[in-house]
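Each chain, letter by letter, is given below.
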Amino acid sequence: MTEISIEKIGKVSSEEEQGVTSRSPTIDATEMQNKQFLPEKKDDSSNSEETSSEQKLVRNICILAHVDHGKTTLADHLIASYGGGVLHPKQAGKLRFMDYLDEEQRRAITMKSSSIALQFKKYSVNLIDSPGHMDFCSEVSTAARLSDGALVLVDAVEGVHIQTHAVLRQAWIEKLTPCLVLNKVDRLICELKLSPMEAYNRLLRIIHEVNGIVSAYKSEKYLSDVDSLLSVAPSGDAGDDNYEFVEDDEEDTFQPQKGNVVFASALDGWGFRICDFAEIYASKLGASAATLQRALWGPRYFIPKTKMIVGKKGINNAANAKPMFVQFILDYLWKVFEDRGNIEKVIKSFNLSIPSRELQNKDSKAVLQAVMSRWLPLSDTILSMVVECMPDPVTAQTFRISRLLPKRDSFDDGDSSDVLSEAELVRESVETCNSSPDAPCVVFVSKMFAVPMKMLPRGEIPNNSTDEGETGECFLAFARIFSGVLFAGQRVFVLSALHDPLIMESRQKHVQEAELQSLYLMMGQGLTPVTSVKAGNIVAIRGLSQHILKTATLSSTVNCWPFSSMVFQVAPMLKVAIEPSDPADIGALMKGLRLLNRADPFVEVTVSARGEHVLAAAGEVHLERCVKDLKERFAKVNLEVSPPLVSFKETIEGNILENLKWFSGSSDYVEKTTANGRCVVRVQVMKLPAPLTKLLDESSELLGDIIGGKSKQALKSLETSRGIIAEDENPIEALKKRMMDAVESDLSSETAEMERDRVEKYRTMWKDVFERIWALGPRQVGPNILLTPARGKKMEGSVLIKGSPYVSQKLGLADKSDASTESSSSIADETLLKEAESLESSVLSGFQIATSAGPLCDEPVWGLAFIVEAFISPVEDNDNSNTPHQVEPYGVFTGQVMTAVKEACRAAVLQRKPRLVEALYFCELNTPTEHLGSMYAVLSRRRARVLKEEMQEGSPLFSVHAYVPVSESFGFADELRRWTSGAASALLVLSHWETLGEDPFFVPKTEEELEEYGDGSSVVQNTARKLVDGVRRRKGLAVEEKVVQHATKQRTLARKV
């Protein structure tokens, strides 16, 4: 095939290229602020048109990616070009302007989301840079909520990683419009030495893989846990089908021919889209730019003789043919990189003005960077894509409204009709992004962040509160205006997430009134004061530190629904106890913890039952930053930090066959009697199927709302906003269906071992169980079930505490009339019957206590079902019975019942082979082949289980997936770097809970065990027992251990025997 020279490309397109690369004159921050944020007073007729046109020139975007894929470097180039002169282009990619914290610069990773306003031509772009490390995923949530579009970066060498999945899911939940940036394309040429065709295949595969992830979300087949996300299961097979190119596939989110994919090198400052080259080649090839744009990606081939563009079937030698993307784009990029003579041709062809001192640089890479950054400027390419492919606030809020403010049903009952009509007016104002001064002002605060007082603009006099004045920190709200105009000095209502405008009591509990002191336009670490901000813009607000802990909705009217809560990818799992080195500093520590809790959107500060101050973080890096902030910024005292407090859970062994025995009533029970002998408690326990346990744990928020009595419409709006159910689905019906499906999935895995009639019997029994759910635990929403006693249970001379299937009735699994008919048909002494009813709460409390602290090491119980049968006998007559106000010698009877239920439940768990449940991290490791042995040695020491290993195509790296117990993960990354000389990297994300198969009370009993271990004295302590003893020792519980191992063999050190 004939080729087209670089000179000819330049001649064809010199004028067009100048048009592409020409930049609008830069506008400084103050001028931009006056243009965008300070509305001029005009006539009402022209005001709305002016406001609408201004809003259409606004873009709110965030940068999302895996760690070290180039987010902050990309942000540097955008700031250097259009940030109003705050960053010199020579420092772009080196300074990391948005990482202004010392810890960020030291570690070279972003730890918080920060915003900056850019001015691109006539457009105002609010750019939010977010972290890529899993420990700071909460910052990704705050950035995504305030944005309308997302730039998703993927490293062209490393490809899609676990955090790429997470940020794509976050963008999908928040209904953001994503664009794809394939970064570090230059490494394919310089490091991997790939041919243009090999590079094309790699880029094609990455784009199809990302499209496969997004399409999985769209079809609602995506499972949130990390295992299914990366396993080679049916969902993986479906993803493989996407690798086959489908011509003009409109289902794909990212299509280079649409213009929403950029191929870039952020460090060198160059990037391009398909349309850039389509304009270059349009007149040369005699085709329109639109036609070429569609043809320059995918299996399209150019025939020089006929000047025809054909598909794969239209060419003779398909094996050696190059797609147009390779022939017209990649081939020329490779020539420029490989031959310095071609650099001069590019300069002449495109009339590039490059200073001679840069061209005379002896470093060929610096010369290449100077030419490429002027030929294909990255900032122009990225921001042109942002303007064309991402929506303005008016358009974006129209389709994001169902996520931000889910629609509520209106009930026309006189008193609330005015409230509902005003709330609906507010919602419509948010949906249309109404920025007129008369519109209700609605603002969402996604986080509070602390800045030193000295960073506030000059002339700003802070209103020193006690905390802020002593620590020298000022708290600002990171917010976006969704409706109306916000003014400095304005009084607004601060609404918490629990506010309900229809409930009058809610106004006292969940509404505060606050006055905004100052508004700032954020320029990275700089703050520019503004007097007012229109809808659709991002702003920092001072004056809310005493009213908002982490997030809130601000409104000019109290009759407004709060915005839906943000979704976080993981929960804070790493916990440590913190105390001051000097006990006299405890007051400063408590004040510092209070400030840290407000400044970090993800950290949790609690006080344990032992009185310790417990700090919960997402991971080791997050924890280190929190402790450093406490020491240096908020508390300013020396601290003592305990070893990590790892959470475990307790369960029992069990399978379907044992459950059938339990259903048939042949299972053993544990019996306990109260101290006064009046109440006999019998408890049976069964293990729930693993899918059902997981479902109850994941649906705890929904179950809490249902049991708490929220309306169906409120539930629907909450679950739709969380992304759990479809918009047209009833949440209660959806949960019922998922519960039955969980039992069915467990049944299908064991069906081969069971007969058909037993399967049907098992299914019927589970339906009966679902009709008898009395309560869930612990904390009323946990993964454990308390069942009401079976009908017909009797004990002579006693009355059974029957309870009621309260949870089943709330879920619609049982009819409310059943309980009443049962109670009315009972013939018993009225007094004893009333006493039995009054003791129902004691049984519930005993169950809650037992499930919150199991018998092994006082950790919560996991996935168990209890039947508690409590029989009450009448008071025995004796001589002292006539004494008024007789004192119970064993304490209050309700307390005795509670204790008996708790002890019986714990004893029942101990009787059924108790097991420990531990949390597992999913670990993704990348390492060169020469360090594989060292990496596996580290994994084996950490009790890791390797899932799969594979060679990354086109690179010398191995990718290994493994499960690592959370208890063994501390210091894992440091040890891995030490043993592999820094060559291996690991990323940990919480995956699931898994039962340890070892018996913590193992004693040799069988002949084989006795032969192997002897009488048991030489048995090495198993892992489960070590973990149990470690937790018991930390909690101050009794531990069975030998203090002296060999008392008869004590001897001096000097004696050599």
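Anyway, here's the lowdown on the structure attached to this text. The structure displayed is predicted, hence computed values, not measured ones.

1. A word on the packing of aromatic side chains
For any pair of aromatic rings, the description consists of the separation of the ring centres together with the inter-plane angle of the planes. Inspection of every chain in the model, using the stated rule, returns 21 aromatic pairs. Note on phenylalanine 277 and tryptophan 375: the rings are 6.1 Å apart at their centroids and 80° apart in plane angle, and the pair reads as edge-to-face. Linking phenylalanine 277 in helix H12 (residues 274–285) with tryptophan 375 in helix H17 (residues 364–375), this pair joins segments that are 98 residues apart in sequence. What makes phenylalanine 277 buried here is its relative accessible area of 3%. Assessed through its relative accessible area of 4%, tryptophan 375 is described here as buried. Here the aromatic residues Tyr200, Phe263, Trp270, Phe272, Phe277, Trp297, Phe325, Phe337 and Trp375 are joined through ring pairs into a cluster of three or more.

2. Focus: the state of the cysteines
Taken as a whole and judged by the stated rule, the model has 0 disulfides. Note on cysteine 275: no disulfide assigned, nearest cysteine sulfur contributed by cysteine 389 at a separation of 8.2 Å. Among the residues examined, cysteine 275 registers a relative accessible area of 9% and is labelled buried.

3. Some details on the environment of aspartate 600
Relative to the helices and strands, aspartate 600 is located in the loop between helix H23 (586–599) and strand E21 (604–607). Sequence separation between aspartate 600 and leucine 549 is 51 residues; the distance between their C-alpha atoms is 9.6 Å. The residues touching aspartate 600, leaving out its near neighbours within four places in the chain, are Lys550, His622, Arg625 and Cys626. Among the polar contacts made by the side chain of aspartate 600, one reaches the side chain of histidine 622 at a distance of 2.8 Å.

4. Quick word on the packing of helix H14 (residues 324–338) against H17
Contact pair H14 / H17: the axes reach a minimum separation of 10 Å and the direction vectors enclose 150°. In terms of orientation, H14 lies roughly antiparallel with respect to H17. Judged by the twist between their axes, the crossing of H14 over H17 is right-handed. Note on element contacts: H17 touches H14 through Leu368, Met372 and Trp375, opposite Leu333, Val336 and Phe337.

5. Details of the pairing of strand E28 (residues 784–787)
Look at any regular strand and the pattern is simple: side chains alternate between the two faces of the sheet. Burial along E28 is two-sided: Asn784 and Leu786 and Ile785 and Leu787, pointing in opposite directions, are all buried. As paired strands, E28 and strand E30 (residues 864–872) are joined by 3 bridges and run parallel to one another. Bridge pairing in E30 places isoleucine 785 opposite alanine 865.

6. A closer look at the pattern of salt bridges
Counted according to the given criterion, the structure contains 36 salt bridges. Notably, a salt bridge pairs glutamate 174 with arginine 145, separated by 3.0 Å at the nearest N-O pair. Here arginine 145 lies in helix H6 (residues 137–146) and glutamate 174 lies in the loop between helix H7 (162–173) and strand E5 (177–183), a separation of 29 residues in the sequence. For glutamate 473, the salt bridge is made with arginine 633, and the minimal N-O distance between the two is 2.8 Å. Of this pair, glutamate 473 sits in strand E11 (residues 473–483) while arginine 633 sits in helix H24 (residues 620–634); the two residues are 160 residues apart in sequence, bridging distant segments of the chain. Grouping residues by exposure puts glutamate 473 and arginine 633 together as buried.

Basis of the calculations
- The residue numbers shown here count from 1 along each chain, following its written sequence.
- Local features in this predicted model are restricted to residues of pLDDT 70 or higher, and side-chain atom pairs are both shown and tallied only at a pLDDT of 80 or more, whereas totals for entire chains, interfaces and linings draw on every residue.
- For the side-chain quantities, the full set of heavy atoms in the structure was used; hydrogens and water were omitted.
- Under the pairing criterion, centres of Phe, Tyr and Trp rings, with the six-membered ring standing for Trp, must be within 6.5 Å; the plane angle then separates stacked pairs below 30 degrees from edge-to-face pairs above 60, leaving the rest tilted.
- Numbering of helices and strands runs from the N terminus, with a helix taken as a DSSP run of H or I at least four residues long and a strand as a DSSP run of E at least two residues long.
- Note on exposure labels: buried denotes an accessible area under 20% of the residue type's maximum, exposed denotes more than 50%, and partly exposed covers the range between, all computed with a 1.4 Å probe on protein chains only.
- Disulfide assignment relies on a single distance test, namely cysteine sulfur atoms paired within 2.5 Å.
- Only heavy atoms matter for contacts: two residues are in contact if any of them lie within 4.5 Å across the pair.
- For the purposes of these results, a polar contact is taken to be a pair of N or O atoms within 3.5 Å, where, inside protein, one atom must be able to donate a hydrogen and its partner to accept one; residues adjacent in sequence count only when each atom of the pair is a side-chain atom.
- Each axis is a line fitted through C-alpha atoms, and for a helix only the stretch in contact is used; angles between axes span 0 to 180 degrees, taken between their N-to-C directions.
- Should an angle fall under 35 degrees it is called roughly parallel, over 145 degrees roughly antiparallel, and 65 to 115 degrees roughly perpendicular, with every other angle called oblique.
- Definitions for this section: a left-handed crossing has its near helix turned counterclockwise from the far helix by less than a right angle. A right-handed crossing has that turn clockwise.
- Pairing between two strands requires that DSSP report at least two bridges joining them.
- Whenever Lys or Arg places a side-chain nitrogen within 4 Å of a carboxyl oxygen from Asp or Glu, that contact is recorded as a salt bridge.

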